[in-house]
Amino acid sequence: MTVILINSEWLMIDNTVILPRRTIMAALQPSHFNDVTVVLLLLLCTIITPFSSISAQQHVKDPSITSTMEQFSGYAIHEPHSSLSSLLVDAQGLQNQIDELSTFSDSPAPSVTRVLYTDKDVLARRYVKNLMGLAGLSVREDTVGNIFGRWDGNEPELAAVATGSHIDAIPYSGKYDGVVGVLGAIEAINVLKRSGFKPKRPLEIILFTSEEPTRFGIGCLGSRLLSGSESLANALSKATDSQNISFLDAARSAGYAKDVDDLSSVFLKKGTYSAFVELHIEQGPILEAEGISIGIVTAIAAPASLKVDFEGNGGHAGAVLMPNRNDAGLAAAELALAVEKHVLESGSIDTVGTVGILELHPGAINSIPSKAHIEIDTRDIDEERRNNVVEKIHQSAIRITETRGVKLSEFSIINQDPPALSSEAVIKAMETATRELNLTSKLMISRAYHDSLFMARVSPMGMIFIPCYKGYSHKPEEFASIQDMSNGVKVLALTLAKLSLE
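Let me sum up the structure you'll find in this document.

Rules behind the numbers
Residues numbered from 1 in each chain as written. Predicted model: local features only at pLDDT ≥ 70, side-chain atom pairs only at ≥ 80, totals over all residues. Heavy atoms only, no water. Salt bridge = Lys/Arg side-chain N within 4 Å of Asp/Glu carboxyl O. Helix = DSSP H or I, 4+ residues; strand = E, 2+ residues; numbered from the N terminus. Buried < 20%, exposed > 50% of the residue type's maximum accessible area, 1.4 Å probe, protein only. Pairing = 2+ DSSP bridges. Axes fitted to C-alpha atoms, helices over the stretch in contact; angles between N-to-C directions. Contact = heavy atoms within 4.5 Å. 1 Å grid on protein atoms, 1.4 Å probe; cavity = no way out; pocket = protein on both sides within 12 Å on 5 of 7 lines; lining within 4 Å. Points joined across faces, edges and corners; volume = space filled by probe spheres on them. Phe/Tyr/Trp six-rings, centres within 6.5 Å; stacked < 30°, edge-to-face > 60°. Lys NZ or Arg CZ within 6 Å of the ring centre and 35° of its normal. Expected span 1.5 Å × (residues − 1). Arc of directions from axis to C-beta. Polar contact = N/O pair within 3.5 Å; in protein donor to acceptor, adjacent residues only side chain to side chain. Parallel < 35°, antiparallel > 145°, perpendicular 65-115°, else oblique. Left-handed = near helix turned anticlockwise from the far one by under 90°. Nonpolar A, V, L, I, M, F, W, Y, C, P; charged D, E, K, R; others polar.

Attention now goes to the pattern of salt bridges. One pass over the full model with this rule turns up 19 salt bridges. The salt bridge involving Glu204 is made with Arg150; its shortest N-O contact spans 2.9 Å. Residue Glu204 is located in strand β10 (residues 203-208), and its partner Arg150 is located in strand β7 (residues 147-151); the two are separated by 54 residues in the primary sequence. For Arg150, a relative accessible area of 24% translates into the label partly exposed. One salt bridge in this structure joins Arg385 and Asp380, with 2.7 Å as the shortest N-O distance. Taking relative accessible area as the criterion, Asp380 reaches 0% and is therefore assigned buried. Connected through shared salt-bridge partners, Arg150, Asp152 and Glu204 make up one network.

This is how it looks when you write it as structure tokens:
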């Protein structure tokens, strides 16, 4: 039996069987001795015939030998980026991490409640930072707690390709929203590293602070600041939550904003990243209903948030007759119906409106509401059409005050963000990756807003959607299958690889 040394990495046995040198070296560890080790040792005791570099190259280029080498090693011997279509995902490990992260919650399973800067949020952040470290990423945090995990490429001075999402969760929600885009991104990096891939540009994972508007009423807080929102930076210096805790005090309790009141240090310069890609559950039923594996997002709808306050005259529910009432609660109810009317009359199915908060004062069953507070969310991929709906809602609020004899004490637009279009280059990379992985895909828009909406102001942007059960989200029934998550991680990994080589 003859063992031939092909090069520093490969050995050939009798011109047929090829073994990687690292396999043999690992077998020589005393703790690994078994029957296979004995065979390998016997092989190593035979005569090793050196190959010239020319004949070694000829053998390696032989397709049958290449196939055998890949079969024994578990790795492709081509250039790393040429073999990425066979990426292997530890899908069960990813599911286990998602399950474990869901235990950092202020509500019982299966629901998840994880609000910005709470104890559970801090513990969850620590868990993710640990996973980033285990993946070999260098980890840093900014003043408001955006977390960055970086893998430097062969040319670290180039603008990085970024990915990521959020892990905060509204009360009594599910465990996949945002989380798939954070833990899935870490797994995508692990997949690339296991494949032997070497990026040209750095790859960076971002865990965004407070995508949900739960605590301070501001959605995508971290990514808005990264995009350079000076108005938000100024507003946060005065913002308080429902318990009258200031944003800065809450941040400091979580270990951030230490002795810093100026939040402009968070701002990113345009061009900091060459591209940004976010993996996310669809939060809608289309992909599952159509049996499609991957959604490639072409645009993110523009959200606008409104706060409206009516003031009327309270009184006893039995003593004040109906013609004499100025009921603030009925004014709010009428406005809620007006929101639905204006949205339906927009002429587009892409226009949506929601009254998510309606509060009455004093809140007693036998008392006529003297005050009413209502918060409205309306969205569209067409900014002008959405703005027209907002104006019509405003005009309806004014009309209601006249017909019901109440006062419109506040009508404020909290945010009125423009829509975001995905980059053609990023869309092409996602489409190519999906096709090379033999997965079905569909071009679609996102009617939910995401951190990608604001990252589009910093760099070219794209999003990858995976199916979720019945489109459920923001509720405990939220679910994504291991297979769908695995598909998403593969597409993300391959897309990041392609973009990092540009």
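That covers the picture; the talk isn't over yet.
Here we have 4 strands laid out as an open sheet, ordered β15-β17-β13-β18, and antiparallel in their pairing. Either end of the sheet is taken by a strand with one partner, and the two such strands are β15 (352-361) and β18 (407-416). With strand direction ignored, the average angle separating the axes of adjacent strands in the sheet is 15°. Contacts from helix α12 (residues 328-344) reach β13 (302-311), β15 and β17 (371-380), with the element oriented near 10° to β17. Together, β13, β17 and β18 form the strand contacts of helix α13 (residues 383-404), whose direction differs from that of β18 by roughly 170°.

Along the chain, Ala109 connects to Pro110 via a cis peptide bond; the corresponding omega equals 10°. Considering the arrangement of structural elements, one finds Pro110 in the loop between α5 (91-101) and β5 (112-114). Across the junction of His361 and Pro362, the peptide omega takes the value 10°, indicating a cis bond. Among the secondary structure elements, Pro362 is positioned in the loop between β15 and β16 (367-368). For Tyr117, which is not glycine, the phi dihedral falls at a positive 65°.

Here we take up empty space enclosed by the protein. For the structure shown, the criterion picks out 3 cavities of 30 Å³ or more. There is about 50 Å³ of room inside the largest cavity. Surrounding the largest cavity, 13 residues form its lining, Asp168, Ala169, Ser173, Gly174 and Asp177 being those nearest its centre. Element by element, the count of residues in the lining of the largest cavity is highest for strand β9 (residues 169-173), at 3 residues.

Right, let's talk about the environment of Ala289 for a bit. Its place among the elements puts Ala289 in helix α11 (residues 286-290). In this structure Ala289 comes out as exposed when scored by relative accessible area, which is 66%.

All right, on to the packing of aromatic side chains then. Taken as a whole and judged by the stated rule, the model has 7 aromatic pairs. When the centroid spacing of 5.9 Å and the interplanar angle of 80° are considered together, the rings of Tyr176 and Phe479 count as edge-to-face. Separated by 303 residues along the polypeptide, Tyr176 in the loop between β9 and α7 (179-195) and Phe479 in the loop between β21 (461-466) and α16 (482-500) bring together distant segments of the chain. Above the face of the Trp151 ring, Lys193 is positioned so that its terminal group lies 5.0 Å from the ring centre.

Here we take up α13. With 22 residues, α13 ought to run about 32 Å at 1.5 Å a step, and its terminal C-alpha atoms sit 32 Å apart, in line with that. Every buried residue of α13 is listed here: Arg386, Val389, Val390, Ile393, Ser396, Ala397, Ile400 and Thr401. For α13, the angular spread of the buried residues around the axis is 140°, confining them to a single face. In α13, those exposed residues whose orientation departs by more than 90 degrees from the buried face are Glu384, Glu402 and Thr403. Of the surrounding secondary structure, the elements contacted by the buried residues of α13 are β13, α12, β17 and β18. A side-chain oxygen of the first residue of α13 lies 3.1 Å from the backbone nitrogen of Glu384; this N-cap is Asp382. Just past α13, the residue Gly405 takes up positive phi, approximately 65°.

Here we take up the packing of helix α14 (residues 424-436) against α16. Two quantities define a packed helix pair, namely the angle between the helix axes and the distance between the axes. Packing of α14 against α16 leaves a shortest axis separation of 9 Å and a crossing angle of 125°. One finds that α14 runs oblique with respect to α16. The two elements α14 and α16 cross, and the hand of that crossing is right-handed. Taken together, the residues of α16 that come into contact with α14 (itself represented by Ala429, Met430, Thr432, Ala433, Thr434 and Glu436) are Val491, Leu494, Thr495, Lys498 and Leu499. Class assignment for the residues of the contact of α14 with α16 results in 6 nonpolar, 3 polar and 2 charged.

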